[in-house]
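Okay, here's what each chain looks like letter by letter:
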Amino acid sequence: MCSSDLPLALEAYDNDSSDGWGDSAIRGFLVKELGGETFLAMAPDVPVNVLSSLKLAAYAYAIDEIDKDPSKLNSFVTWTQANADDPATSTNEVWDAECIPQGQGQEASATWGDALPTMMWWSHNRTLDAFYDLFTTDSINERMANKFGLKNTVVFPGCPTGGEYAPWAKNRTTMNDMSKLFESVNGGIFGEQATQAFYGNMLAMDPQTNPTAVSPYRGGAKLGPTESWSDMQRLRSMVIQEADAAGKYWLINNFWDNTRVYWKGGSGGPSWDEVGFATAEQISLPFYENNQMKMRKFFVGFFVFKLITPDECKTSTPSAKCTSIQSAENKDLQEFWGELHRLIIRMAVKSWPSTPAFPSPSVSASPSPSASPTPKPTSASPTPSRSPSPPGTR
């Protein structure tokens with residue numbers, strides 16, 4: 001990373017204790033071509049809790065099972081859910097309450113085909129725990145290490161176990177391990193049907209197909225399309241900037257229409273004094289080689305962890321003072337995540353010819369990056385939740 005860009009990685013929730021977030025934060029990032037060159041890296045081998053980004057481990061295990069037996073998409077995963085919703089809370093307990101012991105609620109189930117997108121798009125912890133119960137975390141860890149090559153990745157149960165209130169606080173992985181997971185999928189570790197399931201059930205941005213997700217057991221809730229979300233528009237804005245700087249404004253629509261993003265974000269922490277943010281992402285960008293378009297795939301990931309929540313933010317309803325001390329950090333974090341993509345976008349734009357070499361749709365700068373995006377749930381965002389996270393969120 002250029003020295004002029006490095007401060008972006010250090011400004012977001014930096015270690016200046018005067019800003020209220022403590023001086024113990026650790027951070028890192030990785031940008032590399034899948035199976036190829038590393039372009040940007042800081043602490044890519046440091047084991048860290050990447051929070052909900054590590055749902056990718058249970059997800060990959062499930063897809064591996066589907067690869068062995070495609071009928072498992074129609075198998076059921078079960079859990080215990082609340083008997084009724086409490087109207088006094090902002091949470092729908094029947095949909096989302098976690099870790100309810102057997103006998104203290106009602107048994108419920110869903111097919112893997114409904115459960116997997118719910119786990120990944122809504123970052124649904126109860127669904128994750130149901131898969132943990134089905135597979136066991138020991139089995140997931142063994143397969144991640146032995147089949148996928150993730151030697152520094154370990155997950156623990158999400159619910160209190162053996163006297164531990166939050167065993168998942170011990171979860172660890174590295175940015176290099178997360179990139180290896182995507183490299184394994186792209187390297188053909190699954191057959192065609194399972195590979196399609198891997199990408200088809202994950203949070204995604206595709207301007208041509210506009211993927212969405214529906215969760216039948218969360219009241220038919222729907223998410224997507226994601227192209228209008230502010231983080232995706234940040235990337236589109238970057239494409240516009242780089243194309244304009246290169247004098248290739250004509251390529252914008254064609255370039256963007258062939259861009260694909262698949263990701264899992266994470267935010268929160270096991271306590272107010274240990275919170276953070278993370279993302280693990282695959283982005284496919286259109287390069288122009290040998291007079292034809294060629295898609296090249298990259299891993300982009302980052303983490304900021306071990307933040308100490310300011311006293312003003314230790315509430316489910318942030319105070320005005322909390323908002324004031326957090327807004328600048330959030331802006332830096334969003335810019336940091338976005339700028340991790342600039343070099344590879346610039347490389348892709350540079351590879352295109354100076355003048356159109358094939359029919360291209362007329363260029364339009366809309367939707368404008370400054371236009372009001374469709375509101376999005378923070379748990380699904382590439383740059384995860386910017387709101388103060390209550391203790392125990394993952």
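Source: prediction; values computed, not measured. (Residues numbered from 1 in each chain as written. Predicted model: local features only at pLDDT ≥ 70, side-chain atom pairs only at ≥ 80, totals over all residues. Heavy atoms only, no water.)

Trainee: Requested: an account of the overall build of the protein, with residues and values cited.
Mentor: For the protein, the helix and strand inventory stands at 12 helices and 10 strands. The burial tally for the protein puts 54% of its 394 residues in the buried class. Of the contacts formed within the protein by residues at least 6 apart in sequence, a portion of 74% connects residues at least 24 apart. (Helix = DSSP H or I, 4+ residues; strand = E, 2+ residues; numbered from the N terminus. Buried < 20%, exposed > 50% of the residue type's maximum accessible area, 1.4 Å probe, protein only. Contact = heavy atoms within 4.5 Å.)

Trainee: Account for the pattern of salt bridges, with residues named and values stated.
Mentor: Applying the stated criterion across every chain, the model contains 19 salt bridges. With a shortest N-O distance of 3.6 Å, Lys314 and Asp273 are connected by a salt bridge. Of this pair, Lys314 sits in the loop between strand 10 (292-307) and helix 11 (320-339) while Asp273 sits in the loop between strand 8 (260-271) and strand 9 (274-289), and the two are 41 residues apart along the sequence. Take Lys314: its relative accessible area is 31%, and that puts it in the partly exposed class. One network of salt bridges, with partners in common, ties together Asp64, Glu65, Lys68, Lys72, Arg143 and Lys147. (Salt bridge = Lys/Arg side-chain N within 4 Å of Asp/Glu carboxyl O.)

Trainee: Explain the environment of Pro157 to me, and be specific about the residues and the numbers.
Mentor: In this structure, Pro157 sits in the loop between helix 6 (137-146) and helix 7 (175-186). Along the primary structure Pro157 and Asp129 are separated by 28 residues, whereas in three dimensions their C-alpha atoms are 7.1 Å apart.

Trainee: Can you lay out the nonpolar core for me, pointing to particular residues and giving the numbers?
Mentor: Leu56, Tyr59, Ile63, Ile140 and Phe198 are the most contacted members of the largest nonpolar core, which has 55 residues in total. For this core, the element with the highest residue contribution is helix 2 (residues 55-68), accounting for 9 residues. Each residue touching Phe198, except ones within four places of it in the same chain, is listed here: Tyr59, Ile63, Phe182, Val185 and Phe190. With 48 residues, the next largest nonpolar core counts Trp21, Leu203, Ala213 and Leu285 among its residues. (Core = buried A, V, L, I, M, F, W, Y, C linked by side-chain atoms within 4.5 Å.)

Trainee: Requested: an account of the packing of aromatic side chains, with residues and values cited.
Mentor: Centre distance and the angle of the planes are the two values used to describe a pair of aromatic rings. Under the counting rule described, the total for this entry stands at 20 aromatic pairs. A centroid spacing of 4.5 Å and a plane angle of 40° characterise the contact between Tyr61 and Phe135, whose relative ring orientation is tilted. Within this pair, whereas Tyr61 is found in helix 2, its partner Phe135 is found in helix 5 (residues 125-135), the two being separated by 74 residues in sequence. Phe135 carries the same exposure label as Tyr61, and that label is buried. (Phe/Tyr/Trp six-rings, centres within 6.5 Å; stacked < 30°, edge-to-face > 60°.)

Trainee: Kindly report on unusual backbone geometry, identifying the contributing residues and their values.
Mentor: Geometrically, the link from Gly224 to Pro225 is a cis peptide bond, its omega value of -5° lying close to zero. One can find Pro225 in the loop between strand 7 (221-223) and helix 9 (230-245). Non-glycine residue Ala43 carries a positive phi angle of around 55°. Relative to the helices and strands, Ala43 is located in the loop between strand 2 (38-42) and helix 2.

Trainee: Kindly report on the packing of helix 2 against helix 5, identifying the contributing residues and their values.
Mentor: Relative orientation of the contacting elements helix 2 and helix 5 amounts to 55°, with a least axis distance of 10 Å. It follows from the interaxial angle that helix 2 and helix 5 lie oblique. For the pair helix 2 and helix 5, the sense of crossing is left-handed. On the side of helix 2, the interface is formed by Lys55, Ala58, Tyr61, Ala62 and Glu65, while helix 5 contributes Asn125, Leu128, Tyr132 and Phe135. (Axes fitted to C-alpha atoms, helices over the stretch in contact; angles between N-to-C directions. Parallel < 35°, antiparallel > 145°, perpendicular 65-115°, else oblique. Left-handed = near helix turned anticlockwise from the far one by under 90°.)

Trainee: Account for the sheet that holds strand 2, naming residues and giving values.
Mentor: The antiparallel open sheet is built from 6 strands, whose spatial order is 2-1-10-9-8-5. With one partner strand each, in any of the chains shown, strand 2 and strand 5 (204-205) form the two edges of the open sheet. Running at roughly 5° to strand 9, helix 12 (residues 342-351) makes contact with strand 1 (26-33), strand 2, strand 9 and strand 10 of the sheet. (Pairing = 2+ DSSP bridges.)

Trainee: Account for the layout of surface pockets, naming residues and giving values.
Mentor: As a volume, the second largest pocket reaches approximately 470 Å³. Around the second largest pocket, the lining comprises 23 residues; the ones closest to its centre are Trp79, Asp129, Ala130, Asp133 and Cys159. Residue assignment for the lining of the second largest pocket shows that the elements contributing at least two residues are strand 3 (76-81) and helix 5. If you tally residues by element for the lining of the second largest pocket, the top one is helix 5, at 6 residues. Of the residues assigned to the lining of the second largest pocket, the class counts are 12 nonpolar, 7 polar and 4 charged. (1 Å grid on protein atoms, 1.4 Å probe; cavity = no way out; pocket = protein on both sides within 12 Å on 5 of 7 lines; lining within 4 Å. Points joined across faces, edges and corners; volume = space filled by probe spheres on them. Nonpolar A, V, L, I, M, F, W, Y, C, P; charged D, E, K, R; others polar.)

Trainee: Pulling in residues and values, what's your account of the packing of helix 4 (residues 112-121) against helix 5?
Mentor: It is the contact of helix 4 with helix 5, at a shortest axis distance of 9 Å, that shows an interaxial angle of 125°. Accordingly, the angle class assigned to the pair helix 4 and helix 5 is oblique. Between helix 4 and helix 5, the contacting residues are Trp112, Ala115, Leu116, Thr118 and Met119 on the first element and Thr127, Leu128, Phe131, Leu134 and Phe135 on the second. Residue classes in the contact of helix 4 with helix 5 are distributed as 8 nonpolar, 2 polar and no charged.

Trainee: So what about the side chain of Thr111? Which residues, and what values?
Mentor: For Thr111, the position within the fold is in strand 4 (residues 106-111). Of the residues examined, Thr111 reaches a relative accessible area of 19% and is grouped as buried.

Trainee: How would you sum up the state of the cysteines? Please name residues and give values.
Mentor: Enumeration over the complete set of coordinates arrives at 2 disulfides. Across the disulfide from Cys99 sits Cys159; the S-S distance is 2.1 Å. On the sign convention where negative is left-handed, the bridge of Cys99 and Cys159, at about -90° about the S-S bond, is left-handed. Taken together, the residues Cys99 in the loop between helix 3 (93-96) and strand 4 and Cys159 in the loop between helix 6 and helix 7 connect sequence positions 60 residues apart. Judged by relative accessible area, Cys159 falls into the buried class, the value being 19%. (Disulfide = S-S within 2.5 Å.)

Trainee: Please give an account of the confidence of the model for the protein that cites residues and values.
Mentor: The predicted model of the protein averages 88 in pLDDT, with 86% of residues at 70 or higher. Ignoring residues within four places in sequence, the model shows residues 1-5, a span with pLDDT below 50, making 5 contacts including any to other chains. (pLDDT = per-residue confidence, 0-100.)

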